[in-house]
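Analysis of the macromolecular model
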Amino acid sequence: MLKILILKRQLDAKRSELKALEEKDAEFKTREAELETAIGEVEPGNAEQEAAVTAEVDAFEADKTAHETAKQTLSADIEHLETELADLERQAPAAKTPEKREKVRGDVHMETQINIRSLPMGRRAFDALPMEQRQAIVAQPEVQEFLGKMRGMKGQNRAVTGAELTIPVVFLDLIAENMFRYSKLMNRVRVRNVNGEARQTIAGTVPEAVWTEMCGAINELTFVFNQITLDGYKVAGFVPVCNSILEDNDINLASWIVEMLSESIGLAKDKAILYGKGSAYHMPMGIVTRLAQTTAPDNYPANAPAWVDLHESNILKIGGNSVTGAQFWAQLMEATGATYTKYNRGTMFWAMNSKTYATLKSKLITFTATGDVVANLFGSLPVVTGDIDILEFIPDGDIVGGYGDLYLWAQRAGMTIEQSREVQFIQDNTVFKGKERADGQPIIPGAFVAININNQAVTTAMDFAADTANDAQLANLTLTGASISFDPETYTYTATATNNSLKIEATPAQAAAQVAISANGKNVRNGGTVTLTASTLTPITVTVTQGNAVRVYTLNITGAAG
């Protein structure tokens, strides 16, 4: 089970942090012994010596308290994770650890001896496997067939063939593991592999059980169940590959495939989990986007959990340059407390960029009695608890997080690749198109918060890579002989012409888009003239086509009075 792998990864990290803290216990014992000696050497009545020693004692006590608190917090986290892991392992006794997993593919027996997720970003996941295992993977019939087809595509002198290459299961396993290096949040949220439309059932508020006499009749408890529906939007793109790579050996080619797909899709997933714009934009609903909603969407399902306005309670700003120390952390703790719901379970995560992480560390800086600088931030929020994930696309000062298992990610099965050699023929590249389908949304939005620690407004909208391949809007629509106020998002206009000759010129947002103008059942050249009948309404359509998208602008123009 993937959840077992996630918990073991978290346990390893927590245990490493605890070990590092325990190694400092000896330092505190040494400092304590030195202070005892210093106290004994203070001359009676010497106020200056007493003040100096008292200051050192106070600093020591503060450092030791912070040290012990951090150890206790980590110990509690470890105990909680160990309990949860033990429960899961009892349910799935055959599960293997990520460091040593056995798989059988046909006649090939493989044993993964590395933890792909722990590899440095500069090293390819496939290359890190033992040579024997890499050779075993590429020797499998389905892999050889896949690589052979990819290599054979290099010589095809036509555009995308239309024949899809389904990625072998063994590659999907590698990509899934590698995704946890490129996607920080996939190991935080709840992931389900589904086909078709997915409906996730959610238990409502748990009712209180009823006390009664020992032999009394038992009362019926009413449970309410809700559902959320997830679709399957496509995340896709193409990647040019140098033809020399295609001519290389099977193992190098496999390395490129695993790495390129993992990196591209991982970035898109993380961004969508936090800032996805939802079904209207053909992508998952992000945490921040849902929190920022001020009214329920028009298409909000009737059987979904009751919609709640969270844009004030769960989008917060705290701190500022003048707020430091205990005051700042008290504000942060209070703000993160807005994640409380009756459904809280599991562990929390907090996503931020590296600059925000550095700001948090700066607010923890203290000086020990020996003059050492200490900032006790070891990849998790102190006091608040919860692992920190660094994502550079998050704006400065913003922190987004909560209970990740209350965000549902529906992963569609079947990743495919197609190719074209002609797209970048001069560059001597073959272009490969990768695609897969997924959707996601917060199950319980109140389990998440977005906080700005610089006392600034939280950024609630994020730009995504423009879908220019399907942009069929007009940038401008000008009429000579009639007046309209053009807006690319407005598709119907009504106007009266000043004469009975109307010139129409449409400018598409994308230069490659096709524009077709029609009036009175006849085609009109873009920039051409339409002859109107006096005092008669003439419907004119401007149809824009780009990729698989079509937009139709309708002009209802009445001719000038005769």
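In the block above lies the structure referred to throughout.
Just so it is clear, the model here is predicted, and its values are computed rather than measured.

**A look at the pairing of strand E24 (residues 537-546)**
Where burial is concerned, the two faces of E24 differ: the one with Thr538, Ile540, Val542, Val544 and Gln546 is buried and the one with Leu537, Pro539, Thr541, Thr543 and Thr545 is not. Here strand E21 (residues 514-519) pairs with E24 via six bridges, running antiparallel. Bridge pairing in E24 places Gln514 opposite Thr545. Strand direction decides the pairing type here: E24 and strand E25 (residues 549-558), joined by ten bridges, are antiparallel.

**Thoughts on the pairing of strand E9 (residues 348-352)**
Most of E9 is tucked away, with five of its five residues classed as buried. Burial along E9 is two-sided: the residues Met348, Trp350 and Met352 and Phe349 and Ala351 are all buried. Judged from the four bridges that link them, E9 and strand E13 (residues 398-403) form a sheet pairing that is antiparallel. By the bridge assignment, Met348 is partnered in E13 with Tyr403.

**Quick word on the sheet that holds strand E12 (residues 387-390)**
Read across the sheet, five strands follow the order E8-E17-E13-E9-E12 without closing on themselves; strand pairing throughout is mixed. At either margin of the open sheet sits one strand with a lone partner, and together these are strand E8 (315-317) and E12. Across the sheet, the axes of successive neighbouring strands diverge by a mean angle of 25 degrees, strand direction being ignored. Judged from the three bridges that link them, E8 and strand E17 (residues 448-452) form a sheet pairing that is parallel. Looking at the pairing, Ile315 lines up with Ala450 of E17.

**Notes on the sheet that holds strand E20 (residues 501-508)**
If you trace the three strands from one edge of the open sheet to the other, you get E18-E20-E23, paired in antiparallel fashion. Each end of this open sheet is capped by a strand with a single partner; those strands are strand E18 (474-480) and strand E23 (529-531). The sheet shows a mean angle of 25 degrees between the axes of neighbouring strands, direction not considered. Of the pairings in the sheet, the one linking E18 to E20 comprises six bridges and is antiparallel in character. Bridge pairing links Thr480 to Lys503 in E20.

**As for the packing of aromatic side chains**
Think of a pair of aromatic rings as described by two things: how far the centres are apart, and how the planes are tilted against each other in angle. Counted by the stated rule, this structure contains six aromatic pairs. Ring centres 6.1 Å apart and planes at 55 degrees place the aromatic pair Phe28 and Phe60 in the tilted group. Of this pair, Phe28 sits in helix H2 (residues 25-40) while Phe60 sits in helix H3 (residues 47-91), and the two are 32 residues apart along the sequence. Here the aromatic rings of Tyr491 and Tyr553 are separated by 4.9 Å at their centres, their planes lie at 45 degrees, and the arrangement is tilted. With Tyr491 in the loop between E18 and strand E19 (492-496) and Tyr553 in strand E25, this residue pair connects regions lying 62 residues apart in the sequence. Here the basic side chain of Lys271 rests over the ring of Phe464, its NZ or CZ set 5.1 Å away from the ring centre. In this structure, Lys277 packs its charged tip against the face of Tyr281, placed 5.1 Å from the ring centre.

**Here we look at unusual backbone geometry**
In this structure, His282 takes a positive phi of about 60 degrees despite not being glycine. Among the structural elements, His282 can be located in the loop between helix H9 (250-275) and helix H10 (287-292). A residue is classified by how much of its surface remains accessible, and His282, at 56% relative accessible area, is exposed. Phi is positive for Asn520, close to 55 degrees, though the residue is something other than glycine. Mapped onto the fold, Asn520 is located in the loop between E21 and strand E22 (522-524).

**Describing helix H12 (residues 354-362)**
Three- or four-residue spacings in an α-helix give side chains the same orientation, since the helix completes a turn every 3.6 residues. Among the residues of H12, Thr356, Tyr357 and Leu360 are the ones counted as buried. End-on view of H12: buried residues confined to an arc of 105 degrees, all on one side of the axis. Where H12 is buried, its residues touch helix H11 (325-336), E9, E12 and E13. For H12, the capping residue at the N-terminal end is Asn353, with a side-chain oxygen 3.1 Å from the backbone nitrogen of Lys355.

**Here's the deal with the nonpolar core**
Ranked by size, the top nonpolar core spans 49 residues in total, and within it Ile273, Leu274, Ile287 and Leu360 carry the most contacts. Put simply, the parts of the chain that give this core at least two residues each are H9, H10, H11, E9, H12, E13, strand E14 (407-412) and E17. At five residues, the largest contribution of residues to this core is made by E9. Among all residues touching Ile273, those that are not within four sequence positions of it are Leu185, Met186, Val189, Met285, Gly286, Ile287, Tyr407 and Trp409.

**Here we look at the environment of Gly446**
Within the fold, Gly446 resides in the loop between strand E16 (429-442) and E17. Using a relative accessible area of 14% as the deciding quantity, one classes Gly446 as buried. Along the primary structure Gly446 and Val308 are separated by 138 residues, whereas in three dimensions their C-alpha atoms are 8.2 Å apart. What Gly446 contacts, discounting residues up to four positions off in sequence, is Leu310, Asn314, Ala338, Thr339, Tyr340 and Thr341.

Procedures and definitions
Residues numbered from 1 in each chain as written. Predicted model: local features only at pLDDT ≥ 70, side-chain atom pairs only at ≥ 80, totals over all residues. Heavy atoms only, no water. Buried < 20%, exposed > 50% of the residue type's maximum accessible area, 1.4 Å probe, protein only. Helix = DSSP H or I, 4+ residues; strand = E, 2+ residues; numbered from the N terminus. Pairing = 2+ DSSP bridges. Axes fitted to C-alpha atoms, helices over the stretch in contact; angles between N-to-C directions. Phe/Tyr/Trp six-rings, centres within 6.5 Å; stacked < 30°, edge-to-face > 60°. Lys NZ or Arg CZ within 6 Å of the ring centre and 35° of its normal. Arc of directions from axis to C-beta. Contact = heavy atoms within 4.5 Å. Polar contact = N/O pair within 3.5 Å; in protein donor to acceptor, adjacent residues only side chain to side chain. Core = buried A, V, L, I, M, F, W, Y, C linked by side-chain atoms within 4.5 Å.

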